[in-house]
Each structure stands twice: as C-alpha cells, then as structure tokens.
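Next come the chains, spelled out residue by residue.
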Amino acid sequence: MARTVGFFTDTTLCIGCKACEVACKEWNQLPGHAPAFGDGYDNTGQLDEQNWRHVQFHERTTAKGGVAWNMMSDVCKHCTQASCMEVCPTNAIIKTEFDTVYIQPSVCNGCRDCIAACPYHVIGFDEASGLAQKCTFCYDRLQANLLPACAKACPTESIKFGELGTMREIAGARLNQLRGQGMAEARLYGDKEYGGLHALFLLTDKPEAYGLPNAENAVLPSRNNIRNYLGSVVTAAIGVVGAVFAFRERGGKG
Amino acid sequence: MPQHFVAPPQWEWYIVWYFFLGGLAGGAYALGAILRLMGDQRDAPVSRIAFLLTFPLLAICPILLTLDLGRPLRFWHMMIDSRTFTLNFKYWSPMSVGVWVLLVFSLFALISFLEAFGTWRSGKAPFLTGGLGRLFMIVGAFFGLFLAGYTGVLLSVSNQPVWSDTWALGGLFLASGLSVAAAALTLMTRLGRHEASAEAKLTRADRYFTILELVLLAAFFLSLGAVASQFLQPRWMALWAVVVIGIVVPFVLQFSSARAPAMLAAVLTLVGGLALRIVVVFGAQM
C-alpha cells in the first residue's frame, strides 16, 4: 500500500541507550565495525555502510552555566530532493512507494558519487559487497506493514514512526509544548530542508551542533553545474583562440 | 564559511590517474586538430603524434574507472539501466555525462588514430580531408576539451568541502589539460627530432595555456575563501610547490632554445599537472 512515511526523532526523549542501533543491525544483518573506545559514550562514531542509526552524544554549556547532555539518534533523512539520488549515474537510488530513498543493491555498482553528494554523512562504501549502503527505512518491514526496527525498539518513543503528515503534526505540537514550558532553544529540523525531510528532528541546539547543515547550507550538488561548465567553456574558448593564434604564425621564431 | 558534514567518497589513485590521462588525451586531440586545421605542412608530423598519442592514453581511462568501481562487472550500469534496459543519461549528473563523453570521444580518437597510423606506417593518404574531415576533427576536439574539463565539474557537483565551494575547477583542469598536452607533444617532438617550427608553435601556445592556468589557479583559491585554509596545512605545501614549479619554471625555461631545458620544462609541466590532480582529489577528502 503506497503511503508517505516519516520518522520524528524527539531528541529530548533520547536516553542514549542505543537500542535503535542494535535493532537496526540485528534486522538488517549488519556486522558493524569494531567499537572505538574514546573519552565518551559514543563508540559508534558515525553513520556509514554499517551504522544506519547512530546515537550522538554532545555536551554543551547551558545559558545558566550548567552542563546539558544532548543525545540524538541520527539516521538517513530520506530527503524529498535527495542529493544522492540526483548524482547517481546508474539510477540505483530510487524513491519507493513509501516516498523513501532506497539504494537498490542489484543496481548499484559502487561508484561512490552518492557518498560525495550526501550532505548528512549518511552513505558508506561496503568493501565486502562493493556497494554504497545506507538506511533502507526498513523497506522490507514497511512492505510487511511492520514498524522500522529502530522505532520498534526505542524504549522512550524518542523515535516515532508514521505517516509523514502525522509526524509533522506531532512534531509541531511537541515544539509548542516545550516552548510553552520555557525551553526557548527547542527547534524543529527537517520541515523545509531539501523539500522536506522524511526524518524530522526536534533539537535543543542549532543544527550544526548535531552535524546537520543549517537551512542556508542545505544545498543540492547540481547548484554547481552551470557555473563550473561556464568556467570550462570560457577557458576552452580562450585556450582554443590562443592555440589558433600560436599555430597560425608562420616560421620558427619563438 | 560553508558548512560541510559530508563523508569522503574514497576516490583515490585510479581517479587521479584518470583525471590526468583524460586531461592529457583530451588536450592532445584538441591541439592535434587545431595544428592540422591551422598549421602548415611542416606541422603534419606533430599533429600526427598528437593523434597517435591520444587513443592509447584514452584506452587506459575506462580500465581505471572500471577498476575503481566496487562492482567492476557492473560498469555497463552507467550507460544502460539494468532493470529496464533503456539508456541511462542524466545531463545534471557529470558522472553520467562523462561516461558518454568518454565513449563518444573514444570513437573520434580511434578514427583519428587509425588515420594517423596509416599515414605514418604505410604512407597512406589521410582520409579526414575536406569539409567533412575538418568538421570531424572540430567535433572531436570539442569532446576532447569537454573530457579535459568535466572532471573538475564532476568534483564540484557534490557537497564535498573545497570541490563544491568553487566555480573554477572545470576551467582549471581544462587549462592544465591543454598545458600538459602541449608539454607531452613537445617532449615527443624533441625525442623524435621533428621539425622545429611546430615545436616553436607549441611553445607559444603553451604560454597562453600557462597564463590561463595561473589565472584559474588564483581564481580557484579566491573562490574558496576561508575554505582555502584546508590546503594551507603543511602536509599539502610540498605538493602545491610541485604544482607551482610545474607552471612557473617551464614558463621561464621556454625562453631558452637549448635542448635540455625544453625537455626539463615539459617534464616539470607533466609532473605539475599530475600533482595538481593529486592535491585537489586527496586534499579535499582529508
């Protein structure tokens, strides 16, 4: 059944348990990388070919001088205007009947242009399969009318799943509730970027603090086509005129 | 300063060498064609060298690109949709455009190679003559120049730091392609002890290319603004020095007519052109 689905990740409810990461790896049979132990709780590191959910941990100083711990379960945004899909030369990246962005493993040839394009550091190259890989929005589960594994596992309902319109309503209501309680720093991310994301986030800091480009920087790769081709055409024209001028001159004088 | 949170695509040596050989081959064909169309009889051997050089260099390119793929046997997915078996072409994706340009240009390069080979080894008369022959070479030169320049556009049409923050990469790679092609032809002309007049013409043309490349290099850094600091880290300085030496020193050496400096100038230009692609490709992915 065709429908437009979405995630709403409410970071104020995230407790950093990583159940989403584990459920994702279990369902999608992702072996994962060896964990890296540093000076924090984040031993996942980043979204990539093995990590389709990544719980970020950020410490920040609050306006009152205290320390706040911001956690966010990051995921592919399933952009309406997707940078990865825009550049993909093989048409391996498609929009599904759920309006999600899906890399078809049978079509991808591992050129990695999508990795250079994705502004959210979502896609990774899997050496074992030779493919670009990312969150599928649990495409197989959606087809079977099941919740995505991460949303199913999340114990605090920080990750919500449903119709995109419903998610927007819930997100808007939650934002109003938090602002009403005096949390002025609460904000929504994803209602405008890239034509509207299919993964909305309620944040308590500016987007760039979570590794999300702000609205001004959420731009598509194709913005650079015309100006770069134009630079090439002008260069080619000057180069050809130079060569014609040099080659027409008779004799061997330097 | 633009925000970037993108992951590097791990485009490494195969891609660097493709960019270099593609620029060299595309530039060589364009120079060969212009020399043939605009030059005189004495330039014919150098024009022939250009066409003899272009196709073998170009033939390496698809091999490099295929080896770089995660699934090399699916290289044809670039051209044909593997589900519908219709042609794949996305004018807004430079990688898609580039695949077709590489294929079409290879046909032009092959035909010009066969003609040059025939006149060289068997003394046959050239067949790319008359209006059609001229048109053929002009169209071939267009695709050659496109190949030399689009590689920069390919990098820019992304969200990578540096690559996507400039408008000058396509032009810079194209100017560099013309310059390394002139250097390669000069080198081969010297080694083959051909007519000096064509070599003097190549030297004159390369002066224009060098100035063009310097202007575009400055434009590249200026367009990057604060992002340029990524390249000003110590680890990239040695490579940038090779790039600048490869542009400036040959320019000075060209005013000497002695044999050794001209050869040295050509080698420095070629090394500088390779260094430019190394530093741009690797430097933005760190």
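Residues numbered from 1 in each chain as written. Chains lettered and ligands numbered in written order. Predicted model: local features only at pLDDT ≥ 70, side-chain atom pairs only at ≥ 80, totals over all residues.

**Structural notes on the overall build of chain A**
A count of helices and strands for chain A gives seven helices and ten strands. Against the globule reference of 18 Å for 254 residues, chain A gives a C-alpha radius of gyration of 23 Å, more extended than a compact globule. With the C-alpha coordinates aligned to their principal axes, the bounding extent of chain A is approximately 85 × 45 × 40 Å. Among the 254 residues that make up chain A, the fraction classed as buried is 48%. (Helix = DSSP H or I, 4+ residues; strand = E, 2+ residues; numbered from the N terminus. Rg over C-alpha atoms; globule rule 2.2 N^0.38 Å. Buried ≥ 20, exposed ≤ 12 C-beta atoms within 10 Å, placed from the backbone.)

**Thoughts on the overall build of chain B**
A count of helical and extended segments in chain B gives eight helices and zero strands. Considering chain B as a whole, with its 286 residues, one finds that 52% of them fall into the buried category.

**Description of the environment of Leu154(B)**
All names here are of chain B. Along the chain, the position of Leu154 falls in helix H4 (residues 130–156). A count of 26 C-beta atoms within 10 Å places Leu154 in the buried class. Separated by 57 residues in sequence, Leu154 and Val97 have C-alpha atoms that sit 9.4 Å apart.

**What to know about the interface of chain B and chain A**
Tallying the contact residues gives 61 residues for chain B and 57 residues for chain A. When residues of the side of chain B that touches chain A are traced back to their parent elements, those giving at least two are helix H1 (13–38), helix H3 (94–121), H4, helix H5 (169–191) and helix H6 (196–224) of chain B. The greatest single-element share of the side of chain B that touches chain A, amounting to eleven residues, is contributed by H6(B). For the side of chain B that touches chain A, a count of residues per class yields 32 nonpolar, 21 polar and eight charged. (Contact = placed C-beta atoms within 7 Å. Nonpolar A, V, L, I, M, F, W, Y, C, P; charged D, E, K, R; others polar.)

**Here's the deal with the packing of helix H2 (residues 44–68) of chain B against H5(B)**
Residues and elements named next belong to chain B. Remark: H2 packs on H5, axes separated minimally by 10 Å, with the N-to-C direction vectors making an angle of 115 degrees. H2 and H5 meet at a crossing whose hand is right-handed. In this structure, H2 uses Val46, Ile49, Ala50 and Leu53 to contact H5, whose residues at the interface are Ala184, Leu185, Met188 and Thr189. Across the contact of H2 with H5, the residue classes break down as seven nonpolar, one polar and no charged. (Axes fitted to C-alpha atoms, helices over the stretch in contact; angles between N-to-C directions. Left-handed = near helix turned anticlockwise from the far one by under 90°.)

**Things to note about the environment of Leu164(A)**
On the secondary structure map, Leu164(A) appears in helix H6 (residues 164–180). Separated by 157 residues in sequence, Leu164(A) and Phe7(A) have C-alpha atoms that sit 7.4 Å apart.

**Some thoughts on the nonpolar core**
Cys84(A), Cys114(A), Ala28(B), Leu31(B), Ala50(B) and Leu185(B) are the most contacted members of the largest nonpolar core, which totals 162 residues. When residues in this core are grouped by element, the largest group, 15 residues, is from H1(B). The contacts of Cys114(A), once residues within four sequence positions are left out, are Cys84(A), Val87(A), Cys88(A), Ile93(A), Ile123(A) and Ala132(A). (Core = buried A, V, L, I, M, F, W, Y, C linked by C-beta atoms within 7 Å.)

**What to know about the sheet that holds strand S9 (residues 187–189) of chain A**
Residues and elements named next belong to chain A. Strand order in the open sheet made by the four strands is S8-S1-S10-S9, with mixed pairing throughout. Of all the strands in the sheet, the pair left with one neighbour each is strand S8 (159–163) and S9. Taken pair by pair, the neighbouring strands of this sheet meet at an average axis angle of 20 degrees, ignoring direction. Summarising the sheet, strand S1 (residues 5–10) and S8 pair through five bridges and their orientation is antiparallel. By the bridge assignment for S8, Gly6 is matched with Gly162. (Pairing = 2+ DSSP bridges.)

**Examining the confidence of the model for chain B**
Chain-level pLDDT for chain B is 93 on average; 97% of the residues reach the 70-or-more range. At the level of chain-chain contacts, confidence expressed as ipTM amounts to 0.94, with global pTM at 0.95. (pLDDT = per-residue confidence, 0-100.)

**Some details on the pairing of strand S10 (residues 199–203) of chain A**
Residue and element names in this part refer to chain A. Counting buried residues along S10, five of its five residues qualify, which places the element largely inside the surrounding structure. Going residue by residue along S10, you find Ala199, Phe201 and Leu203 tucked away on one face and Leu200 and Leu202 tucked away on the opposite face as well. Bridge analysis of S9 against S10 gives three bridges, and the strand direction is antiparallel. Looking at the pairing, Tyr189 lines up with Phe201 of S10.

**Notes on the packing of H4(B) against H5(B)**
Residue and element names in this part refer to chain B. Where H4 meets H5, the axes come as close as 7 Å, and the angle between the chain directions of the two elements is 145 degrees. For the crossing formed where H4 meets H5, the hand is right-handed. Judged by residue contacts, Leu145, Ala148, Gly149, Tyr150, Thr151, Gly152, Val153, Leu155 and Ser156 of H4 engage Leu169, Gly170, Gly171, Leu172, Phe173, Leu174 and Gly177 from H5. Of the residues contributing to the contact of H4 with H5, the split by class is nine nonpolar, seven polar and no charged.

**Details of H5(B)**
With 23 residues, H5(B) extends 32 Å between its outermost C-alpha atoms, agreeing within 8% with the 33 Å of an ideal straight helix rising 1.5 Å per residue. Extensive coverage of H5(B) is indicated by the burial of 19 of its 23 residues. (Expected span 1.5 Å × (residues − 1).)

**Some thoughts on unusual backbone geometry**
All names here are of chain A. In this model, His78 sits at a positive phi of 45 degrees, which is unusual for a non-glycine residue. Its location among the elements puts His78 in the loop between strand S3 (67–75) and helix H2 (83–87). Residue class for His78 comes out buried when judged on the 27 C-beta atoms lying within 10 Å of it.

**Some remarks on the environment of Gln81(A)**
Residue and element names in this part refer to chain A. Among the structural elements, Gln81 can be located in the loop between S3 and H2. You can call Gln81 partly exposed: it has 14 C-beta atoms within 10 Å. Between the C-alpha atom of Gln81 and that of Glu193, which follows or precedes it by 112 residues, the distance is 8.8 Å. Not counting residues up to four positions away in its chain, the partners in contact with Gln81 are Tyr194, Gly195 and Leu220.

**Here's the deal with H4(B)**
Over its 27 residues, H4(B) runs 40 Å from end to end, which matches the ideal 39 Å to within 8%, given 1.5 Å per residue. At Gly149(B), H4(B) is bent by approximately 35 degrees, the largest bend along its length. (Bend = angle between axes of the 7 residues up to and from the residue.)

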